[in-house]
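Below are the chains, spelled out letter by letter.
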Amino acid sequence: MSRGLAIIGCGKMGRLIEQLAPECGFDVRAKFTRADNLHVAGITSESLRGVDVALEFTSPDAAPDNLRRLASLGINAICGTTGWFEHLPSIREATSAAGTALVYSPNFSIGVNVFFQTVARAASFFAKYPEYEAWGWEIHHSTKKDAPSGTLKKLAEEIRASGYGRTLTLTANRAGAHPGTHEIGFDSAGDTITLRHTARSREGFARGALQAARWVAGKRGVFEFREILGELA
Ligand SMILES: NC(=O)c1ccc[n+]([C@@H]2O[C@H](COP(=O)([O-])OP(=O)(O)OC[C@H]3O[C@@H](n4cnc5c(N)ncnc54)[C@H](OP(=O)(O)O)[C@@H]3O)[C@@H](O)[C@H]2O)c1
């Protein structure tokens, strides 16, 4: 039997998730746009009738309130919105108080999550060789609101956590319709190592979010997508 899905945010990601939901075993039972969800007024127990899990892909200013409301209504959520992570501590508290679950990630592509680990491993080696300096760069379509992307910030976090403490410059470009390329480089007088992930479309993000939505049934707590990768297959 199909599980009930709510889609919060009917932009590029929300529309693609709606299209892919049936083949992933979900029935879309509620959809919310900015116009019908002013001050979170659209998300109510009435409008979420028959919904098991909500996918939140909106904007940094909207996501924290949407997530708090979903938790207070007892609905597990998957959040792909980027640029709101400074609110994570208060969202953790709200999720824990409600006994619900949240899976979040700046990037729901399985490939990018493997890329995080590849970059972390490389950084832990280069940390020991001061002749190597590092950079991070990304490009996305011109309507993306945050820059640098949440994914590039996450890559920088991984590099720091791996022990690479030297200067790391991050730059971003916005142009056209590009779904997202991220590059991390290490450069010395002798050579350059470039690690690059290129998304071909948004489909990988949408499918990863829907896989997380299946996984989150019956869970409690806050999880980053990369933590649950091994349990998705
Ligand atoms: N984690 C991932 O894998 C991943 C992948 C791609 C994108 N993203 C992120 O996901 C978010 C959405 O991306 P997108 O490409 O779908 O952007 P988008 O095309 O701009 O769509 C966002 C939609 O959310 C709506 N919205 C804003 N506030 C809302 C609210 N309070 N309630 C309901 N809907 C609301 C917007 O409506 P209006 O147009 O009326 O403002 C818009 O239609 C961004 O933060 C992006 O960086 C994450």
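These figures come from a predicted structure and were not determined experimentally.

Details of the domain arrangement of the protein chain
Domain annotation for the protein chain reports domain 1 (3–108 + 203–231) and domain 2 (110–198). Relative placement of domain 1 and domain 2: their C-alpha centres are 27 Å apart. With eleven residues of domain 1 in contact, the opposing surface of domain 2 contributes eleven residues. Going through the elements one at a time, α6 (203–215) and α7 (225–228) are the ones with two or more residues in the side of domain 1 that touches domain 2. Per-class residue counts for the side of domain 1 that touches domain 2 are four nonpolar, six polar and one charged.

A closer look at the pairing of strand β9 (residues 192–198)
As paired strands, strand β8 (residues 181–187) and β9 are joined by seven bridges and run antiparallel to one another. Across the sheet, residue Phe 186 finds its bridge partner in β9, namely Ile 193. Linking β8 back to β9 in an antiparallel pair, the connection comprises four residues.

Calculation notes
- Residues numbered from 1 in each chain as written.
- Predicted model: local features only at pLDDT ≥ 70, side-chain atom pairs only at ≥ 80, totals over all residues.
- Domains from an automatic or database assignment.
- Contact = placed C-beta atoms within 7 Å.
- Helix = DSSP H or I, 4+ residues; strand = E, 2+ residues; numbered from the N terminus.
- Nonpolar A, V, L, I, M, F, W, Y, C, P; charged D, E, K, R; others polar.
- Pairing = 2+ DSSP bridges.

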